[in-house]
Amino acid sequence: MTSFSMTIDGQQVVGREVFDVTNPATEESVAAAPACSTADLELAMRSSGAAGGDWASDDTRRQEALSRAADALEAETPRLSEILTDEQGKPLVDAAREIATATIWLRYFAKLDIRPEVIQDDAQGFAQVQQRPLGVVAAITPWNFPIALAMWKIAPALRAGNTMVLKPSPYTPLTTLALGEVFARHLPPGVLNVVSGPDPLGALLTTHPSVRKISFTGSTATGKKVAAAAAADLKRVTLELGGNDPAIVLDDADPQTIAEDLFWGAFRNNGQVCLAVKRAYVHESIHDEVVDLLSDIARTVVVGAGREPHSQLGPLNNRPQFDLVKDLTESALQRGVARATAGGKPIDRTGYFFEPTILAGVRDEDRVVAEEQFGPVLPVLSFQTVEEAVARANASTFGLTASVWSADPDRARAVGDRLDCGQVSINRHGAGVRPDLPFSGSKSSGLGVENGHWGLQEYSQIQAVAAPPRR
């Protein structure tokens, strides 16, 4: 069994205690991960604090180091993909795609220009606004995309001149620990420390007095706890939280044209995507045809272990999530009106496998619609008017992303402008997830912004400089 260690101050640290990491396709332990002790965490914090001055002082050095780290990450894709598949469950091709995505994000921020903004430069005086690093940043990442979403935090934080202590989910720590080893060869000691462990490590990290900012991706319930902990000493926070993202399919959309993209907008990564389509509102005139087409696709998708060569969807990542998806689906079906036009139950095999499921006849108040399923289940609901669809889409306490589907993109954009969410895509779901576009949520979907120069600014302190005229 491969051994894994934490990266602290550029060195590999094996925890005195360990915890098992389960392969969701076999329900067996794939490896033991080190459990970070209080002493280990203190060492990581001191190391990150000590590394900050030199790291922040040389912008060119940071760009070069991050570019080298991106090259190393790309070279390690085959090895990291196998680790990721074994602990997360996704097919190998999707694991490799996630590593590639992380590399794209890192290269984008490595090249992103950071220049002061000159406000005044004349005979009366000189003034500029510049961005300074915050110091030590704590990052806590989820289990659905542990490497891609880690890079949403690592890349801008380090590019801005901060140092970071990174804690992955205890369900998927292994690939992140391996990432720490790779980066240690290209970054100065202490710039990126990777620690792992079960609770209460996250709480210890977020309340540590050395931390000046916390970047968290996960559930809204946990995000509220992070925000409360940060408030005690006014730590900054970026919180990318849950979503219950709607897709609105207008009456002029061609079901045959959109069905495949709509399906994968909901089922990519087995529905374990914060911005996946969680509920589809389809105009009554084409509702039944869309349901039939989505159901046909669901029945043909190959579900299997991530290392099985033809798998398109793997298992759910962990037992609690599997149980939640099962409970939400059964709750809707037991009401007697909703029906599963495809799937609807667990797959009879070892592992956390669940059939790709399309539900029709559901209501907005059904838990499977009102809550975030985060699994391979899509409820499809009918609507009569655009005003009705917009109102029902906006009724959620969440507001992460949405999509609108129509043969007329301008009409779809007009509908999208009325949706209360951080990002809207037209005729494709999640089209705006790019390193150069801001990603943020409204309402219970989070605080702050990730990606683009907007995300970089979240890791910076704005400083105004006013001076006499330059000679």
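Residues numbered from 1 in each chain as written. Predicted model: local features only at pLDDT ≥ 70, side-chain atom pairs only at ≥ 80, totals over all residues. Heavy atoms only, no water.

- Going by an unreviewed UniProt entry, the chain carries the name Aldehyde dehydrogenase family protein and comes from Nocardia rhamnosiphila.
- For the chain, the Sequence similarities (unreviewed entry) comment in UniProt is given as "Belongs to the aldehyde dehydrogenase family." (UniProt positions renumbered as here; feature names shortened; annotations may be inferred.)

## Thoughts on the overall build of the chain
- What the chain contains, in helices and strands, is 15 helices and 22 strands.
- Radius of gyration (C-alpha) of the chain: 23 Å, near the 23 Å computed for a compact globule of 471 residues.
- Long-range contacts, defined here as pairs at least 24 residues apart, represent 72% of the contacts in the chain between residues at least 6 apart.
- On the chain, roughly 18,900 Å² of surface is accessible, and the fraction owed to carbon and sulfur atoms is 51%.
- Between the mean site of the 44 positive side-chain charges and the mean site of the 58 negative ones, the chain shows a separation of 5 Å. (Helix = DSSP H or I, 4+ residues; strand = E, 2+ residues; numbered from the N terminus. Rg over C-alpha atoms; globule rule 2.2 N^0.38 Å. Contact = heavy atoms within 4.5 Å. Areas by Shrake-Rupley, 256 points an atom, 1.4 Å probe, with all protein chains shown as cover. Lys, Arg positive; Asp, Glu negative; His and termini not counted. Charge placed at Lys NZ, Arg CZ, Asp CG, Glu CD.)

## Focus: helix α1 (residues 38-57)
- Compared with an ideal rise of 1.5 Å per residue, which puts 20 residues at 28 Å, α1 spans 30 Å between its outermost C-alpha atoms and is within 8% of the ideal.
- Ala51 marks the point of greatest bend in α1, at about 35°.
- For α1, the full list of buried residues reads Asp40, Leu41, Ala44, Met45, Ser47, Ser48, Ala51, Gly52 and Trp55. (Expected span 1.5 Å × (residues − 1). Bend = angle between axes of the 7 residues up to and from the residue. Buried < 20%, exposed > 50% of the residue type's maximum accessible area, 1.4 Å probe, protein only.)

## Re the UniProt feature "domain: Aldehyde dehydrogenase" (unreviewed entry) in the chain
- UniProt records the feature "domain: Aldehyde dehydrogenase" (unreviewed entry) for residues 17-465 in the present numbering.
- Here residues 17-465 runs as 40% helix and 23% strand, with 49 Å between its end C-alpha atoms.

## What to know about the sheet that holds strand β5 (residues 117-122)
- The strand order β5-β6-β22 describes an open sheet built from three strands, whose pairing is antiparallel. Bordering the open sheet on either side are β5 and β22 (460-467), each of which pairs with just one other strand. In this sheet, neighbouring strand axes are inclined to one another by 20° on average, regardless of whether the strands run parallel or antiparallel.
- Summarising the sheet, β5 and strand β6 (residues 125-133) pair through five bridges and their orientation is antiparallel. Bridge pairing in β6 places Asp122 opposite Gly125. (Pairing = 2+ DSSP bridges. Axes fitted to C-alpha atoms, helices over the stretch in contact; angles between N-to-C directions.)

## Considering helix α5 (residues 148-159)
- Under the 1.5 Å per step criterion, the end-to-end length of α5 is 16 Å for twelve residues, consistent within 8% with the ideal 16 Å.
- In terms of residue burial, α5 counts as a mostly covered element, since twelve of its twelve residues are buried.
- When we look at burial in α5, the residues that qualify are Ala148, Leu149, Ala150, Met151, Trp152, Lys153, Ile154, Ala155, Pro156, Ala157, Leu158 and Arg159.
- Downstream of α5 by one or two residues, Gly161 has phi in the positive range, about 100°.

## As for the nonpolar core
- Judged by nonpolar contacts, the single largest core of 80 residues is most densely connected at Met151, Ile154, Leu158, Met164, Phe183, Leu187 and Leu192.
- Top contributing element to this core by residue count: α5, with nine residues.
- Membership of the second largest hydrophobic core comes to 32 residues, among which are Ala247, Ala253, Val282 and Ala342. (Core = buried A, V, L, I, M, F, W, Y, C linked by side-chain atoms within 4.5 Å.)

## Concerning the pairing of strand β8 (residues 163-167)
- Where burial is concerned, most of β8 is hidden: five out of the five residues are buried.
- Every second residue of β8 is oriented toward a common face, with Thr163, Val165 and Lys167 on one face and Met164 and Leu166 on the other, all of them buried.
- Sheet topology note: the strand β7 (residues 136-140)/β8 ladder contains five bridges and is parallel. Across the sheet, residue Ala138 finds its bridge partner in β8, namely Val165.
- Each parallel crossover has a hand, and for β7 linked through α5 to β8 it is right-handed.
- Two elements, β8 and strand β9 (residues 192-194), share three bridges in a ladder whose sense is parallel. Bridge pairing in β9 links Met164 to Leu192. (Right-handed = clockwise from strand over helix to strand, strands pointing away.)

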